Amino acid sequence: DFPEKDSAYHNYDELTAALRELAQNNSDIVTMSSIARTQEGRDIWSIRITSDSATAANKPGSIFMGGHHAREHLSVEMPLMLAQYLVTQYRNGNPRVVSLIQSRDIHIIPAVNPDGLEFDIKDGSYKMWRKNRTRNANGTYGVDLNRNYGYQWGGQGASSSPSSDTYRGTAPFSEIETQAIRNYVEANTNITVLLSVHSFSKLILYPWGFTYSAIETGADKLVHQTMARKMAEWNGYAPQQSSELYVSSGDTTDWSYGVHKIISFTFELDPANNGFGGGGFYPGAGVIQPVFQKNIEPFLYLIDYSDNPYRAINVGI
Ligand code: 0X9
Ligand code: ZN
């Protein structure tokens, strides 16, 4: 489990319980489902928030994901807190949130990699684990799920070596976890906006990651840039193309934008990358609330603009 000082973070069972409670107490607007079962037998949970779920497929959809990387525990808390916040504010009659839950279809998958998450906190001390827990052919463990998506898979910035922390896997979508996200996104064709939450470095990233070239379609490039800059005004993160951080292939957002033209972002949460080293993955429980607070506006903005992200560049119309 988490070290005592970090017990505010959710381990897998606590996450499951929190999501169950949310779904059971709010069955009019929350649906919880398992989108896959991992190698070690854990469910990957999805929470869908919308009123009148019968018509949900006709509403503009957005998807929020965390926990691709095992040690990035803060990235699990943010989507969980978003789900809890939306429901609480709806119950309190916050007009903005009521309107969003009525008019939008919101998908939240807080922990894409529950096997990795649990391995990282095994025995009460952090393991600095990144990948999932697939047993590779050479006996090593783990595929980097953010190198396993099927767009430009196998290119630069991903390793073919199973022992590497950025191992791409044996094939595009070789992993249960990435297959689950692919199938889920492809089943929910109303999704127009995607956010994959990671940590750390205080960045707002958008495609491409596999190349230094910018998105070819002028409007799509401008939408990503404009939305990233807008969100940066709220959370103070640096907006940039993913490859400016470094070139890497097979990440979530290159696939979701490249294949499905979903407007897609990666957030790298706090802290900034200035001397924390690996400690930046374990910033302590004290950052959970403030980091969520500064990201509420960006999250609501993404949900709002899922009706037509191109609105972001037609501000005068
Ligand atoms: O390397 C990653 O997968 C992400 N950073 S992390 O420290 N959370 O591992 C960044 C992915 C952004 N995409 C590219 N740079 N291609
Ligand atoms: Zn990450």
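Just above sits the structure.
Keep in mind that what you see is a predicted model, and the values were worked out from it rather than measured.

(A) The sheet that holds strand S6 (residues 203-206), seen in detail. If you trace the eight strands from one edge of the open sheet to the other, you get S1-S2-S4-S3-S5-S8-S6-S7, paired in mixed fashion. Single-partner strands in this sheet number two, and they are strand S1 (30-37) and strand S7 (238-241). For this sheet, the mean inter-axis angle between neighbouring strands, taken without regard to orientation, is 20°. For S1 and strand S2 (residues 43-49), the ladder comprises seven bridges, and the chain directions are antiparallel. Paired with serine 33 across the two strands is serine 46, which belongs to S2.

(B) Structural view of the coordination of the zinc ion (ligand 2). With distances of 2.0 to 2.3 Å, the protein atoms coordinating the zinc ion (ligand 2) are His69 (ND1), Glu72 (OE), Glu72 (OE) and His198 (ND1). For the zinc ion (ligand 2), the single-chain donor residues occur in sequence as H-x2-E-x125-H. Here the residue histidine 69 occupies a position in the loop between strand S3 (61-65) and helix H2 (74-91), and histidine 198 occupies one in strand S5 (residues 191-201), the gap between them amounting to 129 residues. Using a relative accessible area of 3% as the deciding quantity, one classes histidine 69 as buried.

(C) Molecular detail of the side chain of arginine 147. Within the secondary structure, arginine 147 sits in the loop between helix H4 (114-120) and helix H5 (176-187). Here glycine 157 takes part through its backbone oxygen, which lies 2.9 Å from a polar atom of the side chain of arginine 147. When sequence neighbours within four positions are dropped, the list of residues in contact with arginine 147 reads Arg130, Trp153, Gly157, Ala158, Thr166, Tyr167, Arg168, Tyr246, Ser248, Ser249 and Gly250.

(D) Molecular detail of the packing of helix H1 (residues 12-25) against H2. Between H1 and H2, the shortest axis-to-axis distance is 11 Å and the interhelical angle comes to 20°. With respect to each other, H1 and H2 are oriented roughly parallel. H2 is crossed by H1, and the crossing has left-handed handedness. The segment H1 lies against H2, with Leu15, Ala18, Leu19, Leu22 and Asn25 engaging Val76, Leu80, Ala83, Gln84, Val87 and Arg91. Across the contact of H1 with H2, the residue classes break down as eight nonpolar, two polar and one charged.

Cut-offs applied
Residues numbered from 1 in each chain as written. Chains lettered and ligands numbered in written order. Predicted model: local features only at pLDDT ≥ 70, side-chain atom pairs only at ≥ 80, totals over all residues. Heavy atoms only, no water. Pairing = 2+ DSSP bridges. Helix = DSSP H or I, 4+ residues; strand = E, 2+ residues; numbered from the N terminus. Axes fitted to C-alpha atoms, helices over the stretch in contact; angles between N-to-C directions. Donors = N, O, S within 2.8 Å, 3.2 Å for Na, K, Ca; no water. Buried < 20%, exposed > 50% of the residue type's maximum accessible area, 1.4 Å probe, protein only. Polar contact = N/O pair within 3.5 Å; in protein donor to acceptor, adjacent residues only side chain to side chain. Contact = heavy atoms within 4.5 Å. Parallel < 35°, antiparallel > 145°, perpendicular 65-115°, else oblique. Left-handed = near helix turned anticlockwise from the far one by under 90°. Nonpolar A, V, L, I, M, F, W, Y, C, P; charged D, E, K, R; others polar.

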